[in-house]
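Understanding the architecture of this molecule
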Amino acid sequence: MNVSLSDSNEFDVCIVGTGRVGLPLGLSMLETGLRVTGLDVDPAIRASVNQGIMPFAEPGYDELIARRSFQVSGDPAVIQSAASIVITVGTPLHTHIETDLDQIRRVLESIGPHLRTGHLVCLRSTVAPGTTQFVEKWIERNTALKVGDSLSLAFCPERIAEGKAYEELRSLTQIIGTHDQTSAERAERLFSGLAPDVMHTDYVSAELVKLFNNIARYVHFAVANQFALVADTFGTNIYEIRRMANHNYPRSHIAMPGLTAGTCLRKDFGMINEWSPYPDMLLAAWKMNEFIPTFLVTHLKQRVPVHDRKVAVLGYTFKMDTDDTRDSLVPKLIRYLEREMPSEIRVSDHHLSAEIELSPTRRVENWTAADACRDAHCVFVATNHSGYDDVLNQVALENPDAWIVDIWNVGQADKIFYQAKMLRD
Ligand SMILES: NC(=O)c1ccc[n+]([C@@H]2O[C@H](COP(=O)([O-])OP(=O)(O)OC[C@H]3O[C@@H](n4cnc5c(N)ncnc54)[C@H](O)[C@@H]3O)[C@@H](O)[C@H]2O)c1
């Protein structure tokens with residue numbers, strides 16, 4: 001079926017920023033029959049995509065990318081050949097509680113001269129409330145185009161979870177925020193081959209939908225972490241309590257405690273928080289999630305010395321079964337461990353390459369999990385990657401006196417702190 005959006009263009013859509021969001025989206029759109037091209041400033045991303053190789057792990061796309069039908073350019077003029085432009089660049093926070101609009105601004109500066117009458121621009125990055133309006137004002141000040149007249153503009157948030165893009169791009173409702181009918185209709189047509197349905201609203205409401213989705217999750221995990229600390233205070237078992245609380249009870253679902261951060265959850269709360277001068281629930285959730293590495297290290301120390309001991313850290317990425325390290329809490333955990341002056345810290349993550357970048361100036365060896373744990377005195381399960389249950393069972397056999405710190409309950413010992421031999425019982 002030909003679902004081309006405009007026969008007068010070489011491409012239906014140009015994805016600007018072919019990273020973890022833009023690349024899967026572009027490939028999925030390609031699969032629906034759209035003609036898709038890309039623009040990215042990163043030569044390594046371009047080289048990898050153009051050779052048909054995924055630059056990062058995202059299940060479902062290896063075969064699609066290998067066809068090499070989706071090519072990424074470094075020349076902003078490429079947008080002229082497409083009917084629609086989807087912007088999926090990064091939107092981090094500054095060090096202060098402040099959204100960093102630099103990548104959005106740079107995109108506008110680079111594509112601005114190539115925007116033309118009839119273009120549909122969809123902003124898809126996660127943005128602070130008011131950013132789509134900023135994009136509209138930028139376009140109208142810096143080009144001769146007018147939104148709702150000669151150019152269409154929509155905010156169409158991405159709500160997939162990393163690792164699930166392939167299925168979720170086809171199963172999640174597409175929210176579309178616009179301020180005029182033509183933009184709304186065009187954005188709906190662009191996403192109609194992919195999303196099962198769409199819901200229309202205004203710019204800010206669409207921006208808030210995305211932020212509320214992520215922040216609700218961040219707070220949900222913060223509550224779970226707080227419950228873990230409360231249970232610990234009373235010497236009780238959070239995992240057993242959670243199982244009972246969730247069992248056959250329809251009105252609350254308590255999440256697992258864990259190291260909660262990541263490039264989306266933590267920074268998205270900042271996009272709302274910058275609008276309020278007062279301490280609020282979101283700030284409390286942030287503090288709770290940020291406290292977990294401190295809690296794990298200080299409570300381990302109460303059981304066993306860390307000073308002059310060997311420590312293994314299993315998992316470095318921000319969540320399970322991904323190769324994405326952005327905004328992971330594990331580097332923070334490692335820095336807290338280093339303050340205790342252990343004799344050695346061995347980091348292991350089989351999703352990463354031979355060296356792990358602890359900071360822009362520090363790289364460390366990436367151990368195999370088995371080697372890292374072999375004669376370690378303490379083993380931290382920092383990320384709950386699949387397969388770590390087997391690793392812990394092996395530690396129980398080979399290094400039974402080792403102390404395990406297992407906030408994810410990977411070993412199913414129903415304890416955060418325990419000695420590996422417990423797993424043999
Ligand atoms: N990663 C996720 O799971 C996820 C999910 C939903 C929403 N989001 C949001 O999507 C946005 C993108 O996130 P991501 O994880 O894909 O980031 P990313 O860093 O993986 O991708 C961004 C890409 O944009 C490129 N880029 C930066 N400036 C550019 C410019 N001026 N011109 C062209 N390309 C440029 C970068 O080189 C990079 O390849 C963010 O706002 C994020 O919050 C991410």
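A few points on the structure. Each chain has its residues counted from 1, following the order in which its sequence is written. In keeping with the model being predicted, local features are shown solely for residues with a pLDDT of at least 70 and side-chain atom pairs are shown and tallied solely at 80 or more, while totals for entire chains, interfaces and linings include all residues. Hydrogens are left out, water is left out, and the side-chain values use all remaining heavy atoms of the structure.

1. A look at the layout of surface pockets
A probe matching the size of a water molecule, rolled over the atoms, marks out where space remains unfilled. Definitions used throughout: a 1 Å grid over protein atoms alone; a cavity as a set of points that fits a 1.4 Å probe which cannot get out; a pocket as an open set with protein on both sides within 12 Å along at least five of seven lines; a lining residue as one with an atom within 4 Å of a point. Grid points are joined across faces, edges and corners, and a volume is the space filled by probe spheres set on the points. The volume enclosed by the second largest pocket comes to roughly 420 Å³. Considering the residues around the second largest pocket, the lining is formed by 18 residues, among which Tyr-316, Thr-325, Asp-327, Ser-328 and Pro-331 are closest to the centre. Secondary structure elements with two or more residues in the lining of the second largest pocket: α12 (330-339) and β11 (355-359). Strands here are runs of E lasting at least two residues and helices are runs of H or I lasting at least four, both read from the DSSP assignment and numbered beginning at the N terminus. By residue number, the principal contributor to the lining of the second largest pocket is β11, which donates four residues. Amino acid classes used here: Ala, Val, Leu, Ile, Met, Phe, Trp, Tyr, Cys and Pro are nonpolar; Asp, Glu, Lys and Arg are charged; the rest, including Gly, are polar. The residue makeup of the lining of the second largest pocket, split by class, is seven nonpolar, three polar and eight charged.

2. Observations regarding the sheet that holds strand β14 (residues 403-405)
Strands qualify as paired when DSSP identifies two bridges or more between them. Pairing is mixed in the open sheet, where five strands are placed in the order β10-β9-β13-β14-β15. Edge positions in the sheet fall to β10 (344-348) and β15 (417-419), since each of these pairs with one other strand and no more. Strand-to-strand twist in this sheet, taken as the mean axis angle between neighbours without regard to direction, amounts to 20°. Examined bridge by bridge, β14 and β15 share three bridges and lie antiparallel to one another. For helices, the fitted line uses only the C-alpha atoms of the stretch in contact; every axis is such a line through C-alpha atoms, and the angle between N-to-C directions lies from 0 to 180 degrees.

3. What about empty space enclosed by the protein?
Under the defined criterion, the tally for this structure stands at one cavity of 30 Å³ or more. Put simply, the largest cavity is a space of about 80 Å³. Arg-124, Pro-157, Glu-158, Arg-159, Glu-168, Leu-169, Leu-172, Thr-173, Gln-174, Phe-191, Leu-194 and Ala-195 together form the lining of the largest cavity. Tallied by class, the residues present in the lining of the largest cavity amount to six nonpolar, two polar and four charged.

4. Thoughts on the nonpolar core
If you look at soluble globular proteins, the nonpolar side chains tend to sit buried side by side. Each nonpolar core is a collection of buried residues, namely Ala, Val, Leu, Ile, Met, Phe, Trp, Tyr and Cys, held together in the definition by side-chain atoms within 4.5 Å. For every residue, the accessible area obtained with a 1.4 Å probe (protein chains only) is divided by the maximum for its type, and the residue is called buried under 20%, exposed over 50%, and partly exposed between those limits. Ranked by internal contacts, the top residues of the largest apolar core, which has 72 residues, are Leu-259, Leu-296, Leu-300, Phe-380 and Leu-392. The biggest single contributor to this core is helix α8 (residues 203-233), with ten residues. Here, two residues are considered to be in contact whenever any of their heavy atoms come within 4.5 Å of each other. Beyond its immediate stretch of four places on either side in the chain, Phe-380 contacts Leu-296, Val-297, Leu-300, Val-311, Ala-312, Val-313, Leu-314, Leu-333, Leu-337 and Val-405. With 31 residues, the next largest nonpolar core counts Val-36, Tyr-61, Val-72 and Ala-165 among its residues.

5. Looking at unusual backbone geometry
Although it is not a glycine, Asn-248 adopts a positive phi angle of roughly 55°. Among the structural elements, Asn-248 can be located in the loop between α9 (238-246) and α10 (265-273). A positive phi angle is found at Asp-308, which is not glycine, with a value near 65°. Relative to the helices and strands, Asp-308 resides in the loop between α11 (281-301) and β9 (310-314). In this structure Asp-308 comes out as exposed when scored by relative accessible area, which is 53%.

6. Some thoughts on the site of the ligand
Around the ligand lies a shell of 26 residues, among which Val-21, Asp-40, Thr-91, Lys-267 and Arg-326 are the nearest. Between the ligand and the protein, one listed contact pairs an oxygen atom with a side-chain N or O atom of Thr-91 at 2.5 Å. Under the rule applied, a polar contact is a pair of N or O atoms within 3.5 Å (in protein, one hydrogen donor and one hydrogen acceptor; residues adjacent in sequence only if both atoms are side-chain atoms). In this structure, Glu-162 approaches the ligand through a side-chain N or O atom, which is 2.9 Å from a nitrogen atom. Accessibility throughout is a Shrake-Rupley quantity obtained with a 1.4 Å probe, and a residue counts as covered only by protein chains that appear here. Protein contacts shield 89% of the accessible area of the ligand, which totals 820 Å² for the unbound molecule. Top contributing element to the shell around the ligand by residue count: helix α4 (residues 102-111), with three residues. Residue composition of the shell around the ligand, grouped by class: nine nonpolar, eight polar and nine charged. Those domain boundaries reflect an automatic or database domain assignment. When residues of the shell around the ligand are assigned to domains, at least three map to each of domain 1 (11-201) and domain 2 (214-424). Residues are counted as near a molecule or strand when any one of their heavy atoms sits within 4 Å of it.

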